[in-house]
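As a plain string of letters, each chain reads:
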Amino acid sequence: AAGVIQSPRHLIKEKRETATLKCYPIPRHDTVYWYQQGPGQDPQFLISFYEKMQSDKGSIPDRFSAQQFSDYHSELNMSSLELGDSALYFCASSPGGESYEQYFGPGTRLTVT
Amino acid sequence: GESVGLHLPTLSVQEGDNSIINCAYSNSASDYFIWYKQESGKGPQFIIDIRSNMDKRQGQRVTVLLNKTVKHLSLQIAATQPGDSAVYFCAENIDDYKLSFGAGTTVTVRA
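Everything quoted here is computed from the prediction, not taken from an experiment. (Residues numbered from 1 in each chain as written. Chains lettered and ligands numbered in written order. Predicted model: local features only at pLDDT ≥ 70, side-chain atom pairs only at ≥ 80, totals over all residues. Heavy atoms only, no water.)

Chemist: Summarise the packing of aromatic side chains; cite the residues concerned and give the values.
Modeler: Scanning all chains against the criterion turns up twelve aromatic pairs over all chains. Look at A:Phe64 and A:Tyr89: their rings are 6.5 Å apart centre to centre, the planes differ by 65 degrees, and that puts the pair in the edge-to-face class. Of the two residues, A:Phe64 sits in strand 7 (residues 64–68) while A:Tyr89 sits in strand 9 (residues 87–94), which places them 25 residues apart along the sequence. Accessibility assignment for this pair places A:Phe64 and A:Tyr89 in one class, buried. Their ring planes at 75 degrees and their centres at 6.3 Å tell us that A:Phe90 and A:Phe104 sit as a pair that is edge-to-face. Placement of A:Phe90 in strand 9 and of A:Phe104 in strand 10 (residues 103–104) is noted, with a sequence separation of 14 residues between them. Each member of the pair A:Phe90 and A:Phe104 is classed as buried. An aromatic cluster of at least three residues, connected via ring pairs, comprises A:Tyr35, A:Phe45, A:Phe90, A:Tyr103, A:Phe104, B:Tyr36, B:Phe46, B:Phe89 and B:Phe101. (Phe/Tyr/Trp six-rings, centres within 6.5 Å; stacked < 30°, edge-to-face > 60°. Helix = DSSP H or I, 4+ residues; strand = E, 2+ residues; numbered from the N terminus. Buried < 20%, exposed > 50% of the residue type's maximum accessible area, 1.4 Å probe, protein only.)

Here it is as structure tokens:
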């Protein structure tokens, strides 16, 4: 079965650089969520989109922005990167409607040096 | 995740035994809970979910129990196998579908 695809899988950036993470949800899933997971931490909700509109916002820094496109893929844009942004970034998708189930991608490991 | 937490950060289990992983939550308004399994370097993998109108749900080798009176959630894994070694998170739906995760329990299966 098709799963959530994230790219790139690994990314190394320097402080103050920008990064763009991409997420391709499971086909026919219209809702996308972004989570950040620091080392040894639980995933923290950043932002979500439903039908290309932002549906909810969590602990996402103002330096980050995201959007969902017409084909339902989503991109997380991160600017002025800081060392503390080093983490695993997960995208999850959901079929929406009355389903709360979220299916996670393999994640992008971002390292800021 | 401040509103969902696990009682034990680590659990060591003998292969073939049953495992019980516990989770306490504080948001009485939560109406949906999920257990995820996360292996090293991978994304959380959906195991089983339960809605607040149920107190028990069974899957393949897994059972989730929900006690709303004491706000407690547990995951039982029958006949634990080496492949079950991972970090297990409980998560609750707190608002508009987004999930709040607990701190995770690392399960190690001894051969």
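Still to come is the rest of the account.
Chemist: Pulling in residues and values, what's your account of the nonpolar core?
Modeler: Membership of the largest hydrophobic core comes to 22 residues, with the highest contact counts inside it found for A:Trp34, A:Leu76, A:Met78 and A:Tyr89. Residue assignment for this core shows that the elements contributing at least two residues are strand 3 (19–24), strand 4 (31–37), strand 5 (44–50), strand 7, strand 8 (74–78), strand 9 and strand 11 (108–112) of chain A. Apart from the residues within four sequence positions on either side, A:Tyr89 is in contact with A:Gln6, A:Leu21, A:Tyr35, A:Gln36, A:Leu46, A:Phe64, A:Leu76, A:Met78, A:Gly107, A:Thr108 and A:Leu110. Ranked by size, the runner-up nonpolar core spans 20 residues in total, among them B:Val13, B:Cys23, B:Ile77 and B:Cys90. (Core = buried A, V, L, I, M, F, W, Y, C linked by side-chain atoms within 4.5 Å. Contact = heavy atoms within 4.5 Å.)

Chemist: So what's going on with the side chain of B:Thr105? Residues and values would help.
Modeler: All names here are of chain B. With respect to the secondary-structure elements, Thr105 resides in strand 11 (residues 105–110). Overall, Thr105 belongs to the buried group, its relative accessible area being 3%. Within polar-contact distance, the side chain of Thr105 engages the backbone oxygen of Leu8 at 2.5 Å. (Polar contact = N/O pair within 3.5 Å; in protein donor to acceptor, adjacent residues only side chain to side chain.)

Chemist: Would you mind going over the interface of chain B and chain A in detail, with residue names and values included?
Modeler: The interface of chain B with chain A comprises 23 residues on the first partner and 21 residues on the second. Where chain B abuts chain A, roughly 1,800 Å² becomes buried across the two surfaces, and 53% of that area is made up of carbon and sulfur atoms. On the chain B side of the interface with chain A, the three residues burying the most area are B:Tyr97, B:Lys98 and B:Phe101, jointly 31% of the side's total. Where chain B meets chain A, there are one salt bridge. (Buried area = accessible area lost by both parts, 1.4 Å probe. Salt bridge = Lys/Arg side-chain N within 4 Å of Asp/Glu carboxyl O.)

Chemist: Pulling in residues and values, what's your account of the state of the cysteines?
Modeler: Residue and element names in this part refer to chain A. Counted by the stated rule, this structure contains two disulfides over all chains. Disulfide pairing is shown between Cys23 and Cys91; the S-S distance is 1.7 Å. Disulfide Cys23 to Cys91: torsion about the S-S bond roughly -50 degrees, handedness left-handed. Here the residue Cys23 occupies a position in strand 3, and Cys91 occupies one in strand 9, the gap between them amounting to 68 residues. (Disulfide = S-S within 2.5 Å.)

Chemist: With reference to specific residues and values, describe the confidence of the model for chain B.
Modeler: Summing up the model confidence of chain B, the mean pLDDT is 89 and the portion of residues at 70 or higher is 92%. When pLDDT is averaged over each element of chain B, strand 6 (residues 56–58) of chain B comes out on top at 97 and strand 1 (residues 4–6) of chain B at the bottom at 47. (pLDDT = per-residue confidence, 0-100.)

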